[in-house]
Amino acid sequence: MAGPLDCADLLEAARRDVERGRIPACSLAVFRHGEPMCVEAFGDATVDTRFHVYSATKPLVSSAVWILIGEGLLDVARPVADYVPEFAANGKEAVTVEQVLLHTSGFPSAPMAPTEGADPERRLRRLASWHLEWEPGTRFVYHAGSAHWVLAELLHRLGGADFRDVIEQRVCRPLGLPRVLGLAPDDGAGIAPPTPLGPDGPTPEDTSLLAALAGPEGRAAGVPGGGAVMTAADLARFYSALLADPVGVWKPEVLADATGNIRCTFPDPLLGAPVNRTIGLVVAGDDGKHTMRYACFGAGVSPRAFGHAGAHGQVAWADPATGLAFAYLQN
């Protein structure tokens, strides 16, 4: 049996970030082999404080798609239009589900307002209206919001319910997690407010899309590319489940593929390194460039570590070599 885990340096680094005014609040969690080893919060937060996790939402949504794959309802090699015929409009008939999951589908800038995407009829009209920006499958460009609205529609069509409910029922409940995507408009208590900081402290109100996610309508919309709200412990628990799947949420072969099979190594146009993307996650890899990938891996993780980051410094990853799952959230 492994001995106790020493998190002293980690906790001190988080504490310093708050004390020096770099962030208003943060929370972190470390699990090992499914058990919490360290859960702490600093600043204006407790371990029960929920944070907006932004793009760290994406693996949660993808993980519901993996369930459909395991049940034989979805084949990632097939075009999206085979499942959503309306999507084929404007030259998108050949875009595959795999390309959507890998951010190679060719429409990274396609628009979708949160309230629009939350309405099935408006979402479908918007999906049909999108045009390709380049040939699918020929490059990687991060689809910050667009791709996961396609996944939301697939979950709606094939999962038999609203995509937010499918994720809650098929992923969150079995793992002992609360609803984290598509919250009731009045469910705002205990959520750390996003706080734009300048050199002299808080800046005027942020009017960006990320700020819009923090409002009641944004939270209720459940933006699949970045709208989840959760505690650090809940996010680490999710990643811990991806290591061992203790309650059998996913087919073993599908989970192994999703957490370990690198399908995309196109270079990241922003970070320079190969993206090392699976159908929903980023894998550290053995080329020594893991700290340059969009998962904010620790320097000492194994090549098999997998994860995904989020805007404004949200971090989550797990490492099969050590059984560790880690989440760090801040506002």
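Below or above, wherever it landed, is the structure these notes cover. (Residues numbered from 1 in each chain as written. Predicted model: local features only at pLDDT ≥ 70, side-chain atom pairs only at ≥ 80, totals over all residues. Heavy atoms only, no water.)

## Looking at the overall build of the protein
Quick note on the threshold: To qualify as a helix, a DSSP run of H or I must reach at least 4 residues; to qualify as a strand, a run of E must reach at least 2; elements of each kind are numbered from the N terminus. Note that the radius of gyration is over C-alpha atoms, with the globule rule given as 2.2 Å times the number of residues to the power 0.38. Note on classification: 1.4 Å probe, protein chains only; a residue is buried when its accessible area is under 20% of the maximum for its type, exposed when over 50%, partly exposed between these limits. Here, two residues are considered to be in contact whenever any of their heavy atoms come within 4.5 Å of each other. All accessible-area figures derive from a Shrake-Rupley calculation using a 1.4 Å probe, and residue coverage is judged against the displayed protein chains alone. For the purpose of counting charges, residues Lys and Arg are taken to be positive, whereas Asp and Glu are taken to be negative. His and the chain ends are not included. Charge positions are represented by NZ for Lys, CZ for Arg, CG for Asp and CD for Glu.
Within the protein one finds 11 helices and 10 strands. Taking 2.2 N^0.38 as the reference for a compact globule, 331 residues should give roughly 20 Å; the C-alpha atoms of the protein span a radius of gyration of 19 Å, in line with that estimate. Out of the 331 residues in the protein, the part that is buried amounts to 53%. Across the protein, contacts joining residues at least 24 apart in sequence account for 62% of those joining residues at least 6 apart. Surface exposure of the protein reaches about 13700 Å², of which carbon and sulfur atoms provide 53%. Both charge centroids of the protein, one from 27 positive and one from 38 negative side chains, sit 2 Å from each other.

## Topic: empty space enclosed by the protein
Formally: Here the term cavity refers to a set of points on a 1 Å grid, laid over the protein atoms alone, in which a 1.4 Å probe fits but cannot get out; the term pocket refers to an open set having protein on both sides within 12 Å along at least five of seven lines, with lining residues being those that place an atom within 4 Å of a point. Grid points are joined across faces, edges and corners, and a volume is the space filled by probe spheres set on the points. The classification used treats Ala, Val, Leu, Ile, Met, Phe, Trp, Tyr, Cys and Pro as nonpolar, Asp, Glu, Lys and Arg as charged, and all other residues, Gly among them, as polar.
This structure, assessed with the given rule, holds one cavity of 30 Å³ or more. The space that makes up the largest cavity amounts to roughly 50 Å³. Looking at the largest cavity, the residues that line it are F140, D268, A273, P274, V275, R277, V282, M292, R293 and Y294. By residue class, the composition of the lining of the largest cavity is seven nonpolar, no polar and three charged.

## Some remarks on helix α1 (residues 8-19)
The test is simple: A helix is expected to reach a length of 1.5 Å times the quantity of its residues less one. This arc is built from the directions going out from the helix axis to the C-beta atoms.
Across its 12 residues, α1 extends 16 Å between first and last C-alpha, which sits within 8% of the 16 Å expected from 1.5 Å per residue. Along α1, the residues classified as buried are L11, A14, D17 and V18. All buried residues of α1 fall inside an arc of 120° around its axis, so they share one side. What points out from α1, more than 90 degrees from its buried face, is the exposed set D9 and E19.

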